[in-house]
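# Overview (structure and organization)
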Amino acid sequence: MPGITQLQPGDEVNQFLLIKQATKGITTVGKPFMTLILQDKSGDIEAKLWDTNEEHERIYQPQTIVKIGGEIHEYRGKNQLRIKQIRPARPEDGVQIKDLMPSAATPKEELFEELTQYFFEIKNPKISRITRYLMKKYQMEMSVYPAATKNHHDYVSGLLDHVVSMLRLGKALCELYPTLNKDLIYAGIILHDLGKVKELSGPVSTMYTVEGNLLGHITIMVDEIGQAAKELGIEGEEVMVLQHIVLSHHGKEEWGSPKKPMIQEAEILHYIDNIDAKMNMLTRALSKTKPGEFTERIFALDNRSFYKPKFEES
């Protein structure tokens with residue numbers, strides 16, 4: 001059976017899905033409804049549940065597996081699931097949450113093994129010790145957490161997948177531009193999003209934590225770097241520069257960066273982060289698109305649709 005994201009408008013749906021998010025709403029005429037984000041291993045899709053009541057809100061919560069009957073239709077340039085029947089999964093159905101969770105294409109063990117190879121290339125002892133210390137502290141969470149609640153790398157081990165992909169890009173750029181400090185590039189990539197293990201709730205039905213909402217992963221990680229340096233008895237400019245790379249990796253204030261990049265490694269890391277996030281979104285959108293057609297609108301890419309050329313078939 002094709003995954004929910006592989007279905008096209010008009011296709012019938014009769015399968016188990018996991019509720020990733022559930023939010024309440026009120027129509028213009030005052031009737032309650034729920035917006036559900038439903039997922040399987042292929043990704044997620046939005047659905048509306050109309051004329052809801054308190055019982056629906058109690059039953060259809062995130063992390064609940066449901067059996068859905070309905071069909072796919074297009075709404076404002078994106079596929080949506082029109083629900084005709086819905087019920088919670090029963091024990092005898094034999095479906096588990098892990099059966100419906102998207103995850104990185106490469107096993108997390110292989111990704112982590114690749115990541116650890118970059119530690120051997122970090123020569124500065126202060127940068128190396130801080131990075132290893134924090135990586136060891138959050139190794140378990142980093143192995144399974146997503147990199148976001150939606151848009152890019154929003155799947156099991158997505159954070160690790162994102163970091164390893166960025167390290168590959170960073171390695172290529174360091175070879176192309178030898179003036180770049182490899183220690184700062186690699187350490188910055190490994191640490192830049194590590195605060196997401198506190199900002200986000202985990203790999204299943206990912207939401208922002210209270211700490212995530214009030215502080216955010218950038219502030220969390222800058223504090224973690226300072227604390228690690230203190231616990232390891234490390235002082236010097238390296239600590240401040242690592243904190244700056246994390247502070248500035250979103251590039252602009254309006255994109256959530258407390259500071260703009262002010263060293264070349266911070267500037268480059270921002271581009272690497274942006275490239276990898278956008279390529280992840282494009283790859284996934286194009287994988288669901290037939291040659292000669294346009295992707296659904298991608299909100300994080302200015303709500304644009306992208307064309308998949310026919311000659312890519314050959």
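Nothing here was measured: the structure is a model prediction, and the numbers come from that model.

On a plain count of helices and strands, the chain comes out with 11 helices and 5 strands. Counting every position in the chain, which comprises 314 residues, the buried fraction comes to 46%. Across the chain, every contact between residues at least 6 apart in sequence was considered, and the portion connecting residues at least 24 apart equals 57%. For the chain, the exposed area adds up to about 16,300 Å²; of that, 53% sits on carbon and sulfur atoms. Where the 39 positive side-chain charges of the chain centre and where its 44 negative ones centre are 2 Å apart.

Pairing is mixed around the closed barrel formed by 5 strands, whose spatial order is S1-S2-S3-S5-S4. Each strand axis lies, on average, 50 degrees off the axis of its neighbour in the sheet, ignoring direction.

Sheet topology places strand S1 (residues 12-26) next to strand S4 (residues 65-75); 7 bridges connect them, and they run antiparallel. Residue pairing in the sheet places Asn14 in a bridge with Gly69 of S4. Across 8 bridges, the pairing between S1 and strand S2 (residues 32-40) is antiparallel. By the bridge assignment for S2, Gly25 is matched with Phe33. Counting the residues in the hairpin turn of S1 and S2 gives 5 residues, including Gly30, whose phi is positive at 85 degrees.

This part is about the nonpolar core. Residues Leu115, Ile130 and Ile225 are the most contacted members of the largest nonpolar core, which totals 50 residues. What Ile130 contacts, discounting residues up to four positions off in sequence, is Ile225, Ala228, Ala229, Leu232, Ile234, Val239 and Leu242. Counting residues in each nonpolar core, the second largest holds 17 residues, with Ile4, Leu7, Met34 and Ala47 among its members.

To continue, consider the pattern of salt bridges. When the charged atoms of two side chains lie near each other, side chains of opposite charge can form a pair. By the definition in use, this model includes 20 salt bridges. As a salt-bridge pair, Arg87 and Asp93 come within 3.1 Å of each other at their nearest N and O atoms. Measuring nitrogen to oxygen at the nearest pair gives 3.5 Å for the salt bridge that ties Lys108 to Glu109. A cluster of three or more residues bridged by salt bridges with shared partners is formed by Lys20, Asp44, Asp154 and Arg284.

What follows covers the side chain of Thr149. Looking at where Thr149 falls in the secondary structure, it is placed in the loop between helix H4 (139-144) and helix H5 (158-176). Beyond its immediate chain neighbours, meaning those up to four positions away, Thr149 contacts Lys20, Gln21, Asp154, Leu200, Thr206, Met207 and Tyr208.

We now examine the side chain of His249. Here His249 is to be found in the loop between helix H10 (237-248) and helix H11 (264-287). There is a polar contact of 2.8 Å between the side chain of His249 and the backbone oxygen of Val246.

Okay, the pairing of strand S5 (residues 78-88) next. The side chains of a regular strand alternate, residue by residue, between the two faces of the sheet. Taken together, the 3 bridges between strand S3 (residues 43-50) and S5 define a ladder with parallel strand orientation. Bridged to Glu46 within S5 is Gln80. With 10 bridges joining them, S4 and S5 adopt antiparallel strand pairing. When the bridges of S5 are listed, Glu71 appears paired with Arg82.

Looking now at helix H2 (residues 108-119). With 12 residues, H2 should cover 16 Å at 1.5 Å per step; its first-to-last C-alpha distance of 17 Å lies within 8% of that length. Within the sequence span of H2, burial applies to Leu111, Phe112, Leu115, Tyr118 and Phe119. Summarising the axial view, the buried residues of H2 lie within an arc of 110 degrees, below the 170-degree limit, and thus occupy one face. Among the exposed residues of H2, those oriented more than 90 degrees off its buried face are Glu109 and Glu110.

Bringing H5 into the picture now. In an α-helix, one turn spans 3.6 residues; hence positions three or four apart end up facing the same way. Helix length check: H5, at 19 residues, gives a terminal C-alpha distance of 27 Å against a target of 27 Å (1.5 Å per residue), a fit within 8%. Turning to H5, its buried residues number three or more, namely Gly158, Leu159, Leu160, Asp161, His162, Val163, Val164, Met166, Leu167, Gly170 and Cys174. Buried residues in H5 make contact with H2, H4, helix H6 (182-192), helix H7 (196-199) and H11.

The rules we used
- Residues numbered from 1 in each chain as written.
- Predicted model: local features only at pLDDT ≥ 70, side-chain atom pairs only at ≥ 80, totals over all residues.
- Heavy atoms only, no water.
- Helix = DSSP H or I, 4+ residues; strand = E, 2+ residues; numbered from the N terminus.
- Buried < 20%, exposed > 50% of the residue type's maximum accessible area, 1.4 Å probe, protein only.
- Contact = heavy atoms within 4.5 Å.
- Areas by Shrake-Rupley, 256 points an atom, 1.4 Å probe, with all protein chains shown as cover.
- Lys, Arg positive; Asp, Glu negative; His and termini not counted.
- Charge placed at Lys NZ, Arg CZ, Asp CG, Glu CD.
- Pairing = 2+ DSSP bridges.
- Axes fitted to C-alpha atoms, helices over the stretch in contact; angles between N-to-C directions.
- Core = buried A, V, L, I, M, F, W, Y, C linked by side-chain atoms within 4.5 Å.
- Salt bridge = Lys/Arg side-chain N within 4 Å of Asp/Glu carboxyl O.
- Polar contact = N/O pair within 3.5 Å; in protein donor to acceptor, adjacent residues only side chain to side chain.
- Expected span 1.5 Å × (residues − 1).
- Arc of directions from axis to C-beta.

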